[in-house]
Structures are given as structure tokens and as C-alpha cells.
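# Topology and contacts: notes
Next come the chains, spelled out residue by residue.
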Amino acid sequence: MRKIVITLLLCVACTLIACIDSDYDLSKITTDDIAIGDNESEFIMPIAKINFTSQNICNSTEEDEISLKEIYEEVDLWLPKSVVESSEYIDIDKLINSDEFGEQYLNKLIHLINEEISSVKEQRDEIALHIANTYRNRFINLLWESDIENKEAIATTLENATDEEAAELISQLILTHSDAVEEVIAEIFTVFLTKLLLVDINATIPELRISSDIRKMLLESVDDSSVENPINNLYLYGVAESEFPFEFEIIPCIPESDVYFDNITIHRGTTEIEPIRITRDEVQAILDGFTIKVPITTLRYYPRQEFTDHTKFSITLKIRKTGALKL
């Protein structure tokens, strides 16, 4: 099947200035039946390449945005070393899923976290300091709901302690009141999981600068929806490229032009975005400039592969026109 990049059509315009005789005035020629290509032709037009980094992919809180890198630095802190060493990936989707199977996966991980911090001092001290720094008020509130003896005195001490002092006390409580503190840590870890819910990523694409002739050619060479077995169609498709150690699910859409893709699973490396058919009105809206909205969900995380705030994720979009282009 023949493919032609649409920018080559500019060459046609160059041939139109070559006439040297007024008897051959091309403006007087009727071009109704003149076309470039035939029913088997395809014309490809790049639309946009949209680049995102860890700082664009984030969780939004009342206070600030937490970048993907910051979120998964905390994931690495919580993850039991035994899980990281024995698992190829962490199933993030199951952790934040509320169905029965997801609950089993979550409860198993919480059990392993508590088991590890009870037996490994380094892990216990690290988690205790993290709770003192980040979740101290939550820890104190949960202590009040527990059956720990002297919880009033412990809570007061934690409120007035430095981070290091609070961490030391929390570490002691993990050892001396393991059952009660296990429930507290399970609750705090569950609260942390809400950070894994990512906000939609958005990008604004300016008007595509193509000549009015090519624009007209493209829009007027499309079969109406009433045509049976249409040949002259428009499709939007592309490719996603990710450097992240994740599997994501994305559902791209262009709301102002009613263009919606199906769910797409993004792997590390290159993932094809399958073509969807679009109408003449939709492609016209795209050519005028648009905002692409990309809801994104993390499915899997591969913890032994590093990434940075500058790690990239990109989406490249193109339009494919099938059938001839009418002049």
C-alpha cells in the first residue's frame, strides 16, 4: 500500500508556477476530477509529539503536587526487602483495588512490612523516622484509638519531641506493643496508598501550521458517514515511548473534538497507539489546536530499575488519510 507524507504535496504548488504562455492559464483549468494518488493511497501527517517527565506525572494534594519520583521514593521505603528481592514487579493496581483479591494482596504486603520492621532494626528505624517526619499526627491520633497503656503520656511526648526523639519512641513501641502498632502502621500505609492515585496529565497543542490549500485538500477528500464501504477516511493514531520502570494504563482523549481512545497499556519502551477513525469536523478541530487529556493509572512498578525527575514519557500523534486527495 502506497504511503505519502503530506508535506510532499507542497511540490505540486511549485509546478503550478512553471507556465510560460498565457494560453495555458492554469487558473482556467477545472480540477474537479484531478487527484493525487488513488483508492489504495495513504497520506501521513504528523500532528504533535508531547513530552512528559516525572514532574508532569504526579499526585495532587491540598498543599502541593507530589511528583512520580517522590511518590516512588516513598514506595521503596515501605517495600519489604524480601518482596523486592523475590518479585519481578509490585502490582500497584491490586494495592489500590478494593476487591477481595486486591485486599488479600494488600494485607499480605502489610503483614510482611510489620514482620520485617519487627525483626530488622535498620528497617524499623527507617520506618519510624519516616512516620515521625511525615505521619506523626496520624500516628498520635491512631494511638488514642488503641488500647496501649499510658497512651496519653506517649501521645504528649510524641507531640513535643524532635523528629529523632519521636522516631526512637515509635521504634520502641513497634517492639513493645507489636499487635497494637501493627494496626496503626497498617492504617498509615493505607493512607499512603492514596498518593499512588495519579492526576490526569494535560498538554495544549497549538494550531498546526499548514497551507490553506493542503488543509482544504485534506478536509474535502473525506467520505461522509452516509457512504457505504468508504475509502476516503481519516484516522488518528500514534506511538507512546516510556523510559519509566512501570506499566501504565492511559486513556487519551481530546474533549473539545470528542476524540476518545480505548484503554492503552504502556510498557517501558515503545507502545503502538492503534488508529481510531475520526470525522472531518474532528480533524478540523485538531488542526485548529487542541488540548489532549491523558488519565493515567500505574499498573506495575519494577523497583530495581531507577528513574529520575527527568525520565521521559512521550506521545506522538499522526493523522492517516486513506484514498486519493482531490485538488
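Below you will find a few notes about this structure.

Rules of the game
- Residues numbered from 1 in each chain as written.
- Predicted model: local features only at pLDDT ≥ 70, side-chain atom pairs only at ≥ 80, totals over all residues.
- Heavy atoms only, no water.
- Helix = DSSP H or I, 4+ residues; strand = E, 2+ residues; numbered from the N terminus.
- Buried < 20%, exposed > 50% of the residue type's maximum accessible area, 1.4 Å probe, protein only.
- Polar contact = N/O pair within 3.5 Å; in protein donor to acceptor, adjacent residues only side chain to side chain.
- Expected span 1.5 Å × (residues − 1).
- 1 Å grid on protein atoms, 1.4 Å probe; cavity = no way out; pocket = protein on both sides within 12 Å on 5 of 7 lines; lining within 4 Å.
- Points joined across faces, edges and corners; volume = space filled by probe spheres on them.
- Nonpolar A, V, L, I, M, F, W, Y, C, P; charged D, E, K, R; others polar.

## Considering unusual backbone geometry
A positive phi angle, close to 60°, is found at Asn150, a residue other than glycine. Structurally, Asn150 is set in the loop between helix H7 (136–145) and helix H8 (151–160). Positive phi is not limited to glycine here, since Asp258 has a value of about 55°. Structurally, Asp258 can be placed in the loop between strand S10 (253–254) and strand S11 (259–260). Note on Asp258: relative accessible area 55%, which makes it exposed.

## Description of the side chain of Lys321
In this structure, Lys321 sits in strand S16 (residues 312–322). The class for Lys321 is buried, based on a relative accessible area of 1%. Here Asn232 takes part through its side chain, which lies 3.3 Å from a polar atom of the side chain of Lys321.

## Topic: helix H9 (residues 163–176)
Along its 14 residues, H9 runs 20 Å from first to last C-alpha, staying within 8% of the 20 Å computed at 1.5 Å per residue. Taken residue by residue, H9 has Ala166, Ala167, Leu169, Ile170, Ser171, Leu173 and Ile174 as its buried positions.

## A look at empty space enclosed by the protein
Counted according to the given criterion, the structure contains 3 cavities of 30 Å³ or more. The volume enclosed by the largest cavity comes to roughly 40 Å³. What lines the largest cavity is simply Val75, Trp78, Leu79, Ile92, Leu95, Phe189, Phe192, Leu193 and Leu196. Contributions of two or more residues to the lining of the largest cavity are made by helix H2 (68–78), helix H4 (92–95) and helix H10 (178–193). Here the lining of the largest cavity gets 3 residues from one element, more than from any other, and that element is H10. Residues of the lining of the largest cavity, tallied by class, amount to 9 nonpolar, no polar and no charged.

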